[in-house]
Amino acid sequence: MRQMKSETWLGRVRITRRSRRRKDGAAGTTKPATVGVLAFEVGRYMSKVAQLWHALSDDRIGRLREEVLRLEGVRKLVSDDEGFLLALALAEMTDVLGSLARSVACLAWRCSDPVLRRFDAEFANLVQNGDDPFGFEYAGRKMERKVKKMEKFVAMGANLYQELELQAELQQGLRRMLANPDACRPQDSITCFRNKVVRHRQQLKHLRETSLWVRTFDYVVRLLARSLFSIIGRIRLVFGFRKFNMTPLLLNRAAEASPEANPKGSNSTVNMNLSSAMIDPRSQPQNAPASTLGAAALALHYANVIVLIEKLATSAHLMDADVRDDLYSMLTTSIKAALRARLKPYGKNLAPPAHNPALAAEWTAAVRGMLERLAPLAHNMIRWHSERSFEQQSSVPSSGILLLQTLYFADQRKAEDAITELLVGLNCLWRYRLIY
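The rules behind the values
Residues numbered from 1 in each chain as written. Predicted model: local features only at pLDDT ≥ 70, side-chain atom pairs only at ≥ 80, totals over all residues. Heavy atoms only, no water. Helix = DSSP H or I, 4+ residues; strand = E, 2+ residues; numbered from the N terminus. Buried < 20%, exposed > 50% of the residue type's maximum accessible area, 1.4 Å probe, protein only. Contact = heavy atoms within 4.5 Å. Areas by Shrake-Rupley, 256 points an atom, 1.4 Å probe, with all protein chains shown as cover. Phe/Tyr/Trp six-rings, centres within 6.5 Å; stacked < 30°, edge-to-face > 60°. Lys NZ or Arg CZ within 6 Å of the ring centre and 35° of its normal. Polar contact = N/O pair within 3.5 Å; in protein donor to acceptor, adjacent residues only side chain to side chain. Axes fitted to C-alpha atoms, helices over the stretch in contact; angles between N-to-C directions. Parallel < 35°, antiparallel > 145°, perpendicular 65-115°, else oblique. Left-handed = near helix turned anticlockwise from the far one by under 90°.

In the nomenclature of an unreviewed UniProt entry, the chain corresponds to Avr9 Cf-9 rapidly elicited protein from the organism Musa troglodytarum.

Visitor: Report on the overall build of the chain, specifying residues and quantitative values.
Guide: Regarding its fold elements, the chain presents 17 helices and zero strands. Across the 436 residues that make up the chain, the buried fraction comes to 44%. When contacts within the chain are restricted to residue pairs at least 6 apart in sequence, those whose partners lie at least 24 apart make up 79%. Of the accessible surface of the chain, which amounts to about 22,800 Å², a share of 53% is contributed by carbon and sulfur atoms.

Visitor: I'd like a description of the packing of aromatic side chains, backed by residues and values.
Guide: Both the distance between ring centres and the angle between the ring planes are used here to describe each pair of aromatic rings. Applying the stated criterion to the full structure yields eight aromatic pairs. When the centroid spacing of 6.0 Å and the interplanar angle of 75 degrees are considered together, the rings of Phe40 and Trp213 count as edge-to-face. Pair noted here: Phe40 is in helix H2 (residues 39-55) and Trp213 is in the loop between helix H9 (189-209) and helix H10 (217-239), with a separation of 173 residues, a long-range link. Ring plane angle 70 degrees and centroid distance 6.0 Å describe the contact between Phe123 and Phe229, whose orientation is recorded as edge-to-face. With Phe123 in helix H7 (residues 119-129) and Phe229 in helix H10, the pair connects residues that are 106 residues apart, well separated along the chain. The class for Phe123 is buried, based on a relative accessible area of 2%. Lying across the ring of Trp213, Arg208 places its NZ or CZ 4.8 Å from the centre. Seen from the ring of Tyr219, Arg215 lies directly overhead, with NZ or CZ sitting 4.5 Å from the centre.

Visitor: I'd love a proper account of the side chain of Thr406, names of residues and values included.
Guide: Along the chain, the position of Thr406 falls in the loop between helix H16 (357-391) and helix H17 (412-432). In this structure Thr406 comes out as buried when scored by relative accessible area, which is 0%. From its side chain, Thr406 meets the backbone oxygen of Leu403 in a polar contact 2.7 Å long. Ignoring anything within four residues of it in the chain, the contact list for Thr406 reads Leu377, Asn380, Met381, Trp384 and Ile401.

Visitor: Run through the packing of H2 against helix H8 (residues 142-179), naming residues and quoting values.
Guide: In contact at an axis separation of 9 Å, H2 and H8 are set at 140 degrees when each is read in the N-to-C sense. The pairing of H2 with H8 is recorded here as oblique in orientation. Relative to H8, H2 is oriented so that their crossing is left-handed. Mapping the contact onto sequence places Phe40, Gly43, Met46, Ser47, Val49, Ala50, Trp53 and His54 in H2 and Met143, Glu144, Val147, Met150, Glu151, Phe153, Val154, Gly157, Leu160, Tyr161 and Leu164 in H8.

Visitor: Explain the environment of Leu407 to me, using residue names and the numbers behind them.
Guide: Considering the arrangement of structural elements, one finds Leu407 in the loop between H16 and H17. For Leu407, a relative accessible area of 1% gives the class buried. Aside from chain neighbours lying at most four places away, what touches Leu407 is Leu77, Leu293, Ala299, Tyr302, Ala303, Ile306, Leu377, Ala378 and Met381.

This is the structure we're talking about:
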């Protein structure tokens, strides 16, 4: 039955395009609009589609379950409830999917095919009811081939962008030479440079003709739309539910997670409906629970603090007074207060501590253990932020780090307690002039 629906929809699309071509030929109307300079924006969409599809591969999902969800830092600072952690991962994926759907819906209005112009309605129908009456979802391994095609377009787009920048530089150089020809020695250098500009312009034309630049909106929207439907099908398979408006068990468990309701460590309520997460334009990855570092806008800042502590703990020669003052200036008021209270017993005795190998070994092991829990989340936070900032300017694939693997969803109180304890350990290492 599903195959018949798919064939019916594809047949309708072919008939629609064929009849429109006849009408266009008879009436002399213009051809469907091409993407043109929007090729770079479309390339970013395709890059994100490919990344999301790879994130749902068997290997990546297996790694999520077996490694990421078992990270000690995640289980200590975020939650030890696997259902809650899976809910966070799923919510982040649906945020990306929703953002892509809104972008494709904007492109769809430029299509000449009426079926494609209805993408937003069909996507909403799939999200709310689980229906795909027109068979948008790619079958079998066809999606893998489409992902490879999109990745090829992304690579060609990056090459085209670089060559366009080079062409602009060449033309600017030629204008300078023409404005001051007497400075050019020998005189035929202008002719040679002009020929170079012409040759490069021809190469640029070839790049455009093989890139998204000359593709129609119908082509790119069809490819993106069907890919998004296929991703939803993959999510259904991976997370084990049939309709997106159904609240799966893992989200029920996430909704119950709070410091009061869940003594096992889940730190907040996640009121996340999958339908609204993908349709509501206000739905963003920054919608973190109120008790987390993400909600307090402290995740990246604390990541930088932890990385600096790690650097000082492993390089005792860097721990001079100026560096310690810089580190102290980075601390928030709450951590400073907690740190003063913890260090108060040490302040009563300003003399260097007596040599105590056992105590030194104890603090060395303690600092090492704390950094093994905190440092991976801190480095992931910095890397995640850097990649998202760079994505605004390029289509370079990201490493696939989820916010779940960072400090973003870490409970603020637990994180600040851990950083305070780490600073106490760092103080002891400095007093003993130790490195671990």
